[in-house]
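Structural features, examined
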Amino acid sequence: MEVTVKENEFVVLSISEVSSSLSTSFSKSEPVFARFGSGSGAPELRFGQESQSGADIVINLRASQLFRLGSAESLCISEVFEDNKETGYSRGISIQFKNEEESRAFHCAFEQWKTEMVVQGSPLPNGAVSTSTSKFDEKIEASSAKMYFHYYGQLLHQQNMLQDFVRTGTYYAAVIENRADFLGRVVVDVGAGSGILSLFAAQAGAKHVYAIEASEMAEYAKKLIAGNPLLNERITVIKGKVEEVELPVKADILISEPMGTLLVNERMLESYVIARDRFLVPNGKMFPAVGRIHMAPFSDEYLYMEIANKAIFWQQQSYFGVDLTPLQRSAYEGYFSQPVVDAFDPRLLVAPAISHVINFTSIKEEDLYEIEIPLKFACSVSTRIHGLACWFDVLFNGSTVPRWLTTAPGAPTTHWYQLRCVLSQPLYVMPGQEITGHFRLVAHKAQSYTIYLTLSATVGDMLQTSSGKLDLKEPYYRMSQPQAYSSAQEPNQLLQTQDVLTQSWVEDGLVPVQQPSPNHGAELHSL
């Protein structure tokens, strides 16, 4: 197994064992080497001298901890188990370095060797076992995980996200404007990708940043961070899943970009919550801290006809002599099972939006497995409703400047765009008419959700109901030029959301000072 770390071998001034009964004598006239390796597939640290072959002290990194006693002195505590004995004892080795710089480099190598090897599936110091049956692997099918990490392990996809200046600029502003939250703090970057958020945190004065990344992008992150010498000594890249890795300390702050399409796609929010429970100190901060899914009914005849017309192909009764019509209905339903991802004109919305709040600081991981949202709207126009439009925003609840990142229609477009669930049977509505329904998200093992949507409206004595089942994993990416719409409705009026600042927000201290507007984030293009 190949493990890449900054250093494999160090020369130390001296070592001495805390227990004299186990003392190994080294010559004071020769340097003592400290070598990291993976003997027998296990991570180990070996102390020795060239002239005393076979007299090495070997430390099992999985059962060891390293403590800093001074600027150039450390103590390594290791559990030792003898043959034919179930219990062991602790062995302490004091290490004296030449200077503080070499001490820091040694500590960094120690944690990287220990963590990167542990992630592969061997016993951890606390007795837990990180294997292929981790919580992540139990929830997610292997083929989906393989494609997911392959995708995010490529620089071209990281570049796509970095070039989303609304996204990257808002994160940068949220961190730098809230330096007081990061200064001198330990930060964990969950799903670090290229490492850009870790670098932002270091710029803001973080004491140390642990950048956790499970894909091969971890190697690129190491290169990028190493190329920024003013920051790299305070950042450690750890390759592995947050469900499996071990950290030497607790974090004061978590930072992450766990949002997918409709906020929840890719199910990384669950990993973000798991990281909170595993790594964050009580009352620690999360960037972002809150997410909201916004929903409103829309009317779009162009989009509806575009989807319906895709199934016309299957109406042919003699396609090279073959009747295709037996599959027409299935094809029609298949096209309407795809959520539409694009940037749409906010004037298509026919009622003020409602919101569903997800508080990342308190929600349980299991609560993200199934999300049920009751729908209730007051229609503002006479029209045909073709489905439900959705977008999201997240709050960075910094101590100095709370800041929102929004993907709302009418706002500067992000790489998330917006999402629309189109119903195969439109509803007819009148001004002031009430529209009710349910929006249910059920997680599946392909790292996404099945969407169950039902909308109902009553016209006179007749109840209209339309339902759809959509797979968030298989969207229709519709990146065409926007249509020219003739509606005279005001986008700002239709984008107005219902009040979501409940008493629980006040009690949790999560009261945003301003709501995101359609123009929010425009000033960040210069960042």
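What this report covers is the structure whose coordinates are included nearby. (Residues numbered from 1 in each chain as written. Predicted model: local features only at pLDDT ≥ 70, side-chain atom pairs only at ≥ 80, totals over all residues. Heavy atoms only, no water.)

Quick notes on the overall build of the protein chain
Counting its regular elements, the protein chain contains 13 helices and 24 strands. Put simply, the protein chain has 527 residues, and 52% of those count as buried. Looking at the protein chain as shown, the accessible area adds up to about 24,100 Å², and 51% of this sits on carbon and sulfur atoms. (Helix = DSSP H or I, 4+ residues; strand = E, 2+ residues; numbered from the N terminus. Buried < 20%, exposed > 50% of the residue type's maximum accessible area, 1.4 Å probe, protein only. Areas by Shrake-Rupley, 256 points an atom, 1.4 Å probe, with all protein chains shown as cover.)

Section: the pattern of salt bridges
Following the criterion strictly, the structure yields 27 salt bridges and no others. Of the charged contacts, one joins Glu9 and Arg35 as a salt bridge, the two residues approaching to 2.6 Å between their closest N and O atoms. On the criterion of sequence distance, the pair formed by Glu9 in strand β1 (residues 9–12) and Arg35 in strand β3 (residues 32–37) is long-range, its members being 26 residues apart. Salt-bridge contacts for Asp342 lead to Arg478; the nearest nitrogen and oxygen are separated by 2.9 Å. Here Asp342 is found in strand β15 (residues 340–342), whereas its partner Arg478 is found in the loop between β24 (476–477) and α12 (491–495), with 136 residues between them in sequence. With respect to burial, Asp342 and Arg478 carry one shared label: buried. Where salt bridges share partners, they join Asp300, Glu306, Asp342, Arg420 and Arg478 into one cluster. (Salt bridge = Lys/Arg side-chain N within 4 Å of Asp/Glu carboxyl O.)

Comments concerning the packing of helix α5 (residues 165–176) against helix α7 (residues 196–203)
Closest axis-to-axis distance for the α5/α7 pair is 9 Å, and the angle between their directions is 25°. Relative to α7, the element α5 is oriented roughly parallel. Taken as a pair, α5 and α7 cross one another with a handedness that is right-handed. Together, Thr168, Tyr171, Tyr172, Val175 and Ile176 of α5 and Leu197, Phe200, Ala201 and Gln203 of α7 make up the contact between the two elements. Along the lines of polarity and charge, the residues of the contact of α5 with α7 split into seven nonpolar, two polar and no charged. (Axes fitted to C-alpha atoms, helices over the stretch in contact; angles between N-to-C directions. Parallel < 35°, antiparallel > 145°, perpendicular 65-115°, else oblique. Left-handed = near helix turned anticlockwise from the far one by under 90°. Contact = heavy atoms within 4.5 Å. Nonpolar A, V, L, I, M, F, W, Y, C, P; charged D, E, K, R; others polar.)

A look at helix α9 (residues 268–279)
Helix length check: α9, at twelve residues, gives a terminal C-alpha distance of 16 Å against a target of 16 Å (1.5 Å per residue), a fit within 8%. For α9, the tally of buried residues reaches ten of twelve residues, placing the bulk of the element in the interior. Buried within α9 we find Met268, Leu269, Glu270, Ser271, Tyr272, Val273, Ile274, Ala275, Arg276 and Phe279. (Expected span 1.5 Å × (residues − 1).)

A word on the packing of aromatic side chains
The geometry of an aromatic ring pair comes down to the distance between the two centres and the angle between the two planes. For the structure shown, the criterion picks out 20 aromatic pairs. A centroid spacing of 5.4 Å and a plane angle of 45° characterise the contact between Phe36 and Phe106, whose relative ring orientation is tilted. One end of the pair, Phe36, is in strand β3; the other, Phe106, is in helix α1 (residues 100–118), with 70 residues separating them in the sequence. Each member of the pair Phe36 and Phe106 is classed as buried. When the centroid spacing of 5.2 Å and the interplanar angle of 90° are considered together, the rings of Phe313 and Trp314 count as edge-to-face. What makes Phe313 partly exposed here is its relative accessible area of 36%. Look at Trp314 and you get partly exposed, because its relative accessible area is 23%. (Phe/Tyr/Trp six-rings, centres within 6.5 Å; stacked < 30°, edge-to-face > 60°.)

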